[in-house]
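# Observations on the three-dimensional arrangement
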Amino acid sequence: SDGQNCLDKEVPVDVFLQQMMRVISDSFNRNTQFVIALFTNFTHFITEIREGNVSFSAGLSFSMMVAVCMSFFEAIVYFLNKNEMNVFIFCYMVFFTWFMIHICGTVLWLASIFFGGTATLLKTITGFQFLSLGFVFIRIVELPSLMVTHKVILSQSEPFQKDIAAMISQSIFQNPFSFTSTLLGFAGYIFFGYWIYRMLRVLHNINWWRGLGAIGFGAWLISETVTYVQHPIVQILVFANQA
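## As for the overall build of the protein chain
When helices and strands are tallied, the protein chain shows twelve helices and zero strands. Ordered by position from the N terminus, the helices and strands of the protein chain form the series α-α-α-α-α-α-α-α-α-α-α-α. Looking at the protein chain as a whole, 46% of its 243 residues are labelled buried. By sequence separation, contacts in the protein chain at least 24 residues apart represent 78% of the contacts at least 6 residues apart. Carbon together with sulfur atoms contributes 66% to the accessible area of the protein chain, which is approximately 12,700 Å² in total.

## Examining the pattern of salt bridges
As enumerated under the stated definition, the model contains one salt bridge in all. Ionic pairing is found between R139 and E74, a salt bridge with its closest N-O pair at 3.1 Å. Of the two residues, R139 is situated in helix α8 (residues 133-141) and E74 in helix α5 (residues 56-80); the sequence distance between them amounts to 65 residues. In terms of burial, R139 and E74 fall into one category: buried.

## Brief notes about the environment of S145
By the secondary structure assignment, S145 is in helix α9 (residues 143-154). The class of S145 is buried, set by a relative accessible area of 9%. Each C-alpha atom of the pair S145 and S169 lies 9.5 Å from the other, and the pair is 24 residues apart in sequence. Once residues lying within four places of it in the same chain are set aside, the contact partners of S145 are I172, S178, S181 and T182.

## Here we look at unusual backbone geometry
In the Ramachandran plot, N205 falls in the positive-phi region, its phi being about 55° despite a non-glycine side chain. Locating N205 in the fold gives a position in the loop between α11 (176-204) and α12 (208-240).

## Overview of the confidence of the model for the protein chain
The predicted coordinates ought not to be read in detail in places where the model reports low pLDDT. Confidence along the protein chain averages 84 in pLDDT terms, with 82% of residues attaining 70 or more. Of all helices and strands in the protein chain, the one with the weakest mean pLDDT is helix α1 (residues 2-8) (46), whereas helix α7 (residues 121-131) scores best (96). Counting contacts from residues 1-8, a segment whose pLDDT is below 50, to residues more than four positions away or on other chains yields five contacts.

Conventions used here
- Residues numbered from 1 in each chain as written.
- Predicted model: local features only at pLDDT ≥ 70, side-chain atom pairs only at ≥ 80, totals over all residues.
- Heavy atoms only, no water.
- Helix = DSSP H or I, 4+ residues; strand = E, 2+ residues; numbered from the N terminus.
- Buried < 20%, exposed > 50% of the residue type's maximum accessible area, 1.4 Å probe, protein only.
- Contact = heavy atoms within 4.5 Å.
- Areas by Shrake-Rupley, 256 points an atom, 1.4 Å probe, with all protein chains shown as cover.
- Salt bridge = Lys/Arg side-chain N within 4 Å of Asp/Glu carboxyl O.
- pLDDT = per-residue confidence, 0-100.

Take a look at the structure:
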């Protein structure tokens, strides 16, 4: 059908990048006020979420912008590794990234409640929707290591090989650019974790040690989710779209 042909049709790289930059720019302009609030008056902004003055729907739009940005940089890696990219695959990447943002927010709510948190599920997810902006900056510095990761996956005969993680680590450490990228990404996650810690303390009205417990437990749950959900799907996508 014509609709299926549209989905399957590959978009030229320059056209695709121009379209995505336009989408990201328009979305960023709509969410500028939230970005400014995050960086200039963080505690007040999270308090506004706790008091219900920032809606869940506003967070949905903001996290969609984040998902588009992250998928855009992922698409760059696909193109550089000569993988195929079409509208369907990109939309799937955006939806899955957006879905994972909400899964992480739900996990953080569970961890916070376990340590005496008081905020609702929707408010916790809303807070994380806005904090997910940090993922965009981390994704940028991780581009060299993502390049190496994709190349290692593509060099295998099939996905889910038992030693794939060790091979990826070895390849990253052997490349100075990807190794530096990995270190910068790790530093970014440390800072991002502190950002989440502050959010949970304000949003759930918990003291410092409960906040540490919530972020520690939440980070462990998220890492397990990424290992057993996100990583396998990424490998499937990379394999399924070899040029």
